[in-house]
Amino acid sequence: MAEMRTLENEYLIVEVNDAGAELSRVYDKKKEREVLWNADAKYWGRHAPILFPFVGKLNGGVYRYDGAEYAMGAHGFARDSEFECVELSAAAVTHRLGSTEVTKKNYPFDFELLVTHRIMENHISVEWTVKNTGAKILYYSIGGHPAFNVDSVMGCRLVFEGMDSLSCTGIDLPTGTADAEHPVTLALSEQVYTVNEHTFDADTMVFDEGQVKKVSLEEADGTRRVTLICPDARHVGIWSPVQKHAPFICLEPWLGRCDNKGFTGELKDKYGEQSLEAGETFRTAYEIVVEE
């Protein structure tokens, strides 16, 4: 039975669910404010799912590996899996998910995924460890999808420190894949992009090639809510179901992303795909800063 694990210090109360190892609550004790989206299904029924072993959608809902074709839904299966809580303290919790005969029916790899959530003052560190426990190369993608409350999406400010412009890839809506052949240049005004009614016309704003290592979310009046720091991210997605007028925005650090439009190649040739040799381990982390 999945349980909720609670971390607390003088700044934050953080809850992490065994189900999906999902960050499920971030409460700012200083400002007496809920920081993380409450998963109201009217808008979007998740808080901050872990995306593994795929990020985004596959072209046609399938991928090809070693001469066979496998079906896989968007964002993989980790978010809908029950993890084992293997370590818990007041400041950190670690969850584990391993391959099984069930997972190998649609994902024929041996793996172990460890997810640690750690609080340090007003910072939350989300740490991922991927282990190849098999004898062949492990192919995977991994990403975060945390949603943060805002008073209103329209007019929200995204601050990209040190940047004048960004190359932004949109999503081909009929297929849910990346329209990588038609990126647009996102001009910034004093390092700021202001969300408007057309921001999410192409669903998710995708920033490839490691362009974004840090982004802050501010209200329209300039009140800073959170900062995402993701030094290892090769891609960052920013999304809100704006057609629903949902009061949150997702800041998403990824290693790997959805297929490019029309891609029908082998998994090893998928854009942004990660790989680990037999016995290898990969570790990375991103950080959420709840602004004071």
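Everything below is about the structure shown above.
**Q** I'd like a description of the overall build of the protein, backed by residues and values.
**A** The helix and strand tally for the protein stands at 1 helix and 27 strands. Whereas a compact globule of 292 residues would reach a radius of gyration of roughly 19 Å, the protein reaches 18 Å, a difference of no more than 12%. Its C-alpha atoms put the protein at 55 × 45 × 35 Å along the principal axes. For the protein, the residues scored as buried account for 55% of the 292 residues in total. Counting only contacts in the protein whose residues sit at least 6 apart along the sequence, the fraction spanning at least 24 positions is 65%. With an accessible surface of roughly 12600 Å², the protein has 46% of that area assigned to carbon and sulfur atoms. A distance of 2 Å separates the average location of the 29 positive side-chain charges in the protein from that of its 47 negative side-chain charges.

**Q** Talk me through the sheet that holds strand 4 (residues 33–34); I want residue IDs and the actual numbers.
**A** With respect to topology, 4 strands assemble into an open sheet ordered 1-2-3-4, the strand pairing being antiparallel. Edge positions in the sheet fall to strand 1 (4–8) and strand 4, since each has one partner strand and no second. Judged from the 5 bridges that link them, strand 1 and strand 2 (residues 12–17) form a sheet pairing that is antiparallel. Looking at the pairing, Glu8 lines up with Ile13 of strand 2.

**Q** Explain the sheet that holds strand 8 (residues 84–88) to me, using residue names and the numbers behind them.
**A** With respect to topology, 9 strands assemble into an open sheet ordered 8-9-10-11-27-23-22-15-20, the strand pairing being antiparallel. The sheet is open, and its two edges are formed by strand 8 and strand 20 (192–194), each paired on a single side. Looking at each pair of strands side by side, their axes are set apart by 20° on average, direction ignored. Alignment of strand 9 (residues 92–98) against strand 10 (residues 111–120), held across 7 bridges, turns out to be antiparallel. Bridge pairing in strand 10 links Arg96 to Leu114.

**Q** Could you give an account of the nonpolar core, with specific residues and numbers?
**A** Core analysis: the biggest nonpolar cluster contains 71 residues, and Tyr107, Phe160, Ile238 and Leu251 have the highest contact counts within it. Once you skip the residues sitting within four places of it in the chain, Phe160 turns out to touch Leu166, Leu188, Gln191, Tyr193, Phe207, Val212, Lys214, Val215 and Ile238. By size, the runner-up hydrophobic cluster in this structure holds 8 residues, among which are Ala147, Trp239, Ala246 and Cys250.

**Q** If you had to explain unusual backbone geometry to someone new, which residues and values would you point to?
**A** Across the junction of Phe52 and Pro53, the peptide omega takes the value 0°, indicating a cis bond. Not every positive phi belongs to a glycine, and His245 is a case in point at roughly 55°. Tracing the backbone shows His245 in the loop between strand 24 (235–239) and strand 25 (248–255).

**Q** Can you tell me about the state of the cysteines, naming the residues and giving the values?
**A** Counted according to the given criterion, the structure contains 0 disulfides. For the unlinked cysteine Cys258, the closest cysteine sulfur is that of Cys168, found at 12 Å.

**Q** I'd like a rundown of the pattern of salt bridges, residues and numbers included.
**A** Where charged atoms from two side chains of opposite charge approach closely, those side chains can pair. Scanning the model with the defined rule gives 26 salt bridges in all. Arg157 is paired through a salt bridge with Glu218; the nearest N and O atoms lie 2.7 Å apart. Residue Arg157 is located in strand 15 (residues 157–159), and its partner Glu218 is located in strand 22 (residues 214–218); the two are separated by 61 residues in the primary sequence. Arg157 sits in the partly exposed class, given a relative accessible area of 27%.

**Q** Mind laying out the pairing of strand 16 (residues 165–168), listing which residues take part and the relevant values?
**A** Here strand 16 shows one buried face, formed by Leu166 and Cys168, and one open face, formed by Ser165 and Ser167. In this structure, strand 16 lies alongside strand 19 (residues 184–187), joined through 4 bridges in antiparallel fashion. Within the sheet, the bridge partner assigned to Ser165 lies in strand 19 and is Ala187.

Calculation rules
- Residues numbered from 1 in each chain as written.
- Predicted model: local features only at pLDDT ≥ 70, side-chain atom pairs only at ≥ 80, totals over all residues.
- Heavy atoms only, no water.
- Helix = DSSP H or I, 4+ residues; strand = E, 2+ residues; numbered from the N terminus.
- Rg over C-alpha atoms; globule rule 2.2 N^0.38 Å.
- Buried < 20%, exposed > 50% of the residue type's maximum accessible area, 1.4 Å probe, protein only.
- Contact = heavy atoms within 4.5 Å.
- Areas by Shrake-Rupley, 256 points an atom, 1.4 Å probe, with all protein chains shown as cover.
- Lys, Arg positive; Asp, Glu negative; His and termini not counted.
- Charge placed at Lys NZ, Arg CZ, Asp CG, Glu CD.
- Pairing = 2+ DSSP bridges.
- Axes fitted to C-alpha atoms, helices over the stretch in contact; angles between N-to-C directions.
- Core = buried A, V, L, I, M, F, W, Y, C linked by side-chain atoms within 4.5 Å.
- Disulfide = S-S within 2.5 Å.
- Salt bridge = Lys/Arg side-chain N within 4 Å of Asp/Glu carboxyl O.

None of the figures reported here should be taken as evidence of function without further support.
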